[in-house]
Structure formats: C-alpha cells, structure tokens
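# Survey of secondary and tertiary structure
Below are the chains, spelled out letter by letter.
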Amino acid sequence: MSDFETVASSENQAARRGVSGEPGTPGRVGRPSKPRSLAGDAWRDLRRKPIFWISLVLVLLVTAMALAPGLFTRNDPATCVLSRQHAAPSGGAIFGYDFQGCDTYARAVYGARASLLVGALSALLTGVIALVVGMLAGYFGGWVDAVLSRVIDIVLGIPLLLAAIVLLKRVASDSATVRLGSVIFVLAVLGWTTAARVVRSSVITARQQDYVAAARMLGAGNGRIMWRHILPNALAPAIVVLTIALGSFIAAEATLSFLGIGLKEPTISWGIDINNGRVHMRESATPLVVPSTFLALTVLAFIMLGDAIRDAFDPKLR
C-alpha cells in the first residue's frame, strides 16, 4: 500500500469515528471544543479545592447571620438581667450569660452585623479609591504615575492601626452612626494602597495589548478605552485583593473596638464583647472565648477565600 493510500485510509477511519475519536458515530464529524476562558479555568480549579468550599460556606453563614440573626437565635441580645450574671446555659442561651446577664451567644450572633458591615463598606470604598488611583497611574504613566506612586508609598508606610487610633481620636463622637461611618472612612483611607498597586500593574499590562492600540486607532478616547477595555482586566485582581482585605478590616475594627477607639455601646460588636469578656475573664471565660472564636473564623474564612480565588486566577500558580 502506498503512502497516499495509507493516509486516505486513516482519514476515512477518523471520519467514521468522528474527529473527537469516539467510536460508534459513523459518518459524523465531531465539533471542535470551545476554548476555555480564564474564568472557566479558574472555576474548574476552585471546584476541586476543599479549602474554597469550606471558606465559602463560612462566609455565607456569617453573611446570613448578619442579615437575618433571628434565624440563629430567638433571644434578644439587648435583654440583660443582672440576676443571670455568669449563669449556666439555659433558655436558648447555649453558651450561658455574661457579666451583665446578657445571652453570650445572641450577642455573638448579632455582633456579626456591625463587624461585617464595617468590613464590607470599608472594602467597597477601598476598591473605589484603588481603582481610580491605580487606573490613572497605570494608564497615563509619566508624571501622573510618579506623583500617584509616591502618594501610595507614603500612605503605605503609615501603620494602619496607629494612624486609625490617632484619626479616630480626632473625630470622636457619641453618635453610634457617626462613629460607625468614621471607622469605615478611616480604614478605607488607610487601606487602599495594596489594591491600588495591583490595579496599576494590571493596567500597565493591559494598555500594551493589541486591542487597546486598535481601539485607539479607531478613534476611541481615553475615557472609553479605560472604561470598556482597561477596567475589566483590572477588576479581577482587585476583587481578589479586596476579599483578603475585607477580613483584615474586620479584624482591625475588632481591635479598635477592643481598645475603646472604634465602635461603642449600644452597638453590638465582637471587639466590644471581647474587651468586656477580658475584664471579667476570671469569673467566666465563655463571654471572651465565644466572640473571639466567631471573629477568628470569620477573618480566616475571608482570607482563605481570597487566597483560593487568587491562586485560581493566577496562571503562574496553576
């Protein structure tokens, strides 16, 4: 058999099997598989990681706890009876009562709302600042990049907790709403630098791509290019960084409240409960351990979730 006949015979056999190589499909040509996107590859990797599912379940659980605390406890955390001071578990109070006779578990459940609200809004405001600064620095370059990069370096060199203590001392207020907004604003103003650096690097890489040059040749302005072509490429890495930062903001809020600088009563916060539990730890350790455990698991969940997403979206780590 000649070489030509051998090749023709092989082609006929492939046609009878189908291009995909599956037997039993005579005369049928298989369709070429569609190229997978980065998001598709990332989701395929995430589905195989137990750490992703564990952290996601914890995050969803804490979010549900913050949005609908009544689903997790029927007791009112504001109902405190001194006669039940450090009493054993009873009447739905599965972890007993604190030094004021309040349900320790109910306060931990309701404390998720303030802590998660501070973390989420701080991360959202941080993302807005980081996107604006990072995109301007990365897209325009030159003196704009030089000035904004120096601003990033200056803010990055300021210790977050120390600066937050100083600023919150200056804007101290007895209003719970004003203090909540002050904590969110201070954490966002001091915590946007890492995300801005990531956005800047992504924008510098994206602006050198051929589709950006083609859009510029077609007459697209800087605003359209940044909004339609640059921003989508900068969002994914920024979301990863902000997911990790959200856990850090929750921990920072608890630390400030623990020091008496952050949130104040009557706001229910894990940091406030940890501080109160520390003072009366000799009488009962449960009011200290319960909110500390809730805080540690929440911060760990957001950090693990951010790490898993980062590893999935980084081609170098796959």
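One structure accompanies this document, and this report is about it. All values reported here derive from a predicted model rather than from experimental measurement. (Residues numbered from 1 in each chain as written. Predicted model: local features only at pLDDT ≥ 70, side-chain atom pairs only at ≥ 80, totals over all residues. Heavy atoms only, no water.)

### Looking at the nonpolar core
Generally speaking, nonpolar side chains in soluble globular proteins are found buried as a group. Within the largest apolar cluster, 46 residues are counted, with the highest numbers of intra-cluster contacts made by Leu-116, Leu-187, Ile-250, Trp-270, Phe-294 and Leu-295. Listing elements by their share of this core, those giving two or more residues are helix 3 (50-67), helix 4 (104-140), helix 6 (160-170), helix 7 (176-190), helix 10 (222-258), helix 11 (270-279) and helix 12 (286-313). If you tally residues by element for this core, the top one is helix 12, at 11 residues. Counting residues in each nonpolar core, the second largest holds 14 residues, with Met-135, Val-212, Ala-215 and Met-226 among its members. (Core = buried A, V, L, I, M, F, W, Y, C linked by side-chain atoms within 4.5 Å. Buried < 20%, exposed > 50% of the residue type's maximum accessible area, 1.4 Å probe, protein only. Helix = DSSP H or I, 4+ residues; strand = E, 2+ residues; numbered from the N terminus.)

### Let's talk about the side chain of Ser-182
Among the structural elements, Ser-182 can be located in helix 7. You can call Ser-182 buried: its relative accessible area is 14%.

### Some remarks on the packing of helix 4 against helix 12
Where helix 4 meets helix 12, the axes come as close as 10 Å, and the angle between the chain directions of the two elements is 35 degrees. The handedness of the crossing between helix 4 and helix 12 comes out as right-handed. Contact with helix 4, carried on its side by Thr-104, Tyr-105, Ala-108 and Leu-116, involves Thr-286, Pro-287, Val-290, Phe-294 and Phe-302 of helix 12 and no other residues of that element. Classifying every residue of the contact of helix 4 with helix 12 by side-chain character gives seven nonpolar, two polar and no charged. (Axes fitted to C-alpha atoms, helices over the stretch in contact; angles between N-to-C directions. Left-handed = near helix turned anticlockwise from the far one by under 90°. Contact = heavy atoms within 4.5 Å. Nonpolar A, V, L, I, M, F, W, Y, C, P; charged D, E, K, R; others polar.)

### Section: the layout of surface pockets
If a probe the size of a water molecule is rolled over the atoms, the empty space left behind becomes visible. Approximately 160 Å³ is the volume found for the second largest pocket. Among the elements that take part in the lining of the second largest pocket, helix 10 stands out by supplying four residues, more than any other. (1 Å grid on protein atoms, 1.4 Å probe; cavity = no way out; pocket = protein on both sides within 12 Å on 5 of 7 lines; lining within 4 Å. Points joined across faces, edges and corners; volume = space filled by probe spheres on them.)

### Some remarks on the pattern of salt bridges
This structure, assessed with the given rule, holds six salt bridges. Across the pair Glu-265 and Arg-107 runs a salt bridge, and its minimum N-O distance is 3.6 Å. Taken as a pair, Glu-265 in the loop between helix 10 and helix 11 and Arg-107 in helix 4 lie far apart in primary sequence, 158 residues in all. (Salt bridge = Lys/Arg side-chain N within 4 Å of Asp/Glu carboxyl O.)

### A look at a nonpolar patch on the surface
Among the surface-exposed residues, Leu-125, Val-128, Val-132, Leu-136, Phe-140 and Phe-185 lie close enough to one another that they form a single nonpolar patch of about 510 Å² accessible area. The greatest single-element share of the nonpolar patch, amounting to five residues, is contributed by helix 4. Position of Leu-136 among the secondary structure elements: in helix 4. (Patch = residues over 30% accessible without salt bridge, like charges linked within 9 Å, V, L, I, M, F, W, Y side chains within 5 Å. Areas by Shrake-Rupley, 256 points an atom, 1.4 Å probe, with all protein chains shown as cover.)

### Notes on empty space enclosed by the protein
Per the counting criterion, the structure on display carries two cavities of 30 Å³ or more. Quantified by volume, the largest cavity comes out at close to 70 Å³. As for the largest cavity, its lining consists of Asp-98, Phe-99, Thr-104, Arg-107, Asp-273, Asn-276, Gly-277, Pro-287 and Pro-291. Here the lining of the largest cavity gets three residues from one element, more than from any other, and that element is helix 11. When grouped by side-chain class, the residues that make up the lining of the largest cavity number three nonpolar, three polar and three charged.

### Looking at the packing of aromatic side chains
Under the defined criterion, the tally for this structure stands at four aromatic pairs. Centroid distance Phe-52 to Trp-53: 5.2 Å. Interplanar angle 65 degrees. Geometry classified as edge-to-face. Judged by relative accessible area, which is 36%, Trp-53 ranks as partly exposed. (Phe/Tyr/Trp six-rings, centres within 6.5 Å; stacked < 30°, edge-to-face > 60°.)

### Concerning the side chain of Arg-107
Its relative accessible area of 7% is what places Arg-107 among the buried residues. The residues touching Arg-107, leaving out its near neighbours within four places in the chain, are Pro-77, Asp-98, Cys-102, Glu-265, Ile-268 and Asp-273.

### Structural notes on the environment of Ala-254
Structurally, Ala-254 is set in helix 10. Its relative accessible area of 5% is what places Ala-254 among the buried residues. Considering only alpha carbons, one finds Ala-254 and Trp-270, 16 residues apart in sequence, at a separation of 6.1 Å. Residue contacts for Ala-254: discarding those within four places in its chain leaves Gly-271 and Leu-295.

### Quick notes on the state of the cysteines
Using the criterion set out here, one finds one disulfide in the structure. Across the disulfide from Cys-80 sits Cys-102; the S-S distance is 1.7 Å. Looking down the S-S bond of the Cys-80 and Cys-102 bridge, the torsion is 100 degrees, so its handedness is right-handed. Residue Cys-80 is located in the loop between helix 3 and helix 4, and its partner Cys-102 is located in the loop between helix 3 and helix 4; the two are separated by 22 residues in the primary sequence. Judged by its relative accessible area of 32%, Cys-80 falls in the partly exposed class. Cys-102 gets classed as buried once you look at its relative accessible area, which sits at 0%. (Disulfide = S-S within 2.5 Å.)

### Description of the packing of helix 6 against helix 7
One way to put it is that helix 6 packs onto helix 7 with a least axis distance of 10 Å and a crossing angle of 140 degrees. In this view, helix 6 runs oblique relative to helix 7, as classed from their interaxial angle. When the axes of helix 6 and helix 7 are compared, the crossing they make is right-handed. Contacts between helix 6 and helix 7 involve Leu-160, Ala-163, Ala-164, Leu-167 and Leu-168 from the former and Ser-182, Val-183, Val-186, Leu-187 and Leu-190 from the latter. Among the residues forming the contact of helix 6 with helix 7, the class breakdown is nine nonpolar, one polar and no charged. (Parallel < 35°, antiparallel > 145°, perpendicular 65-115°, else oblique.)

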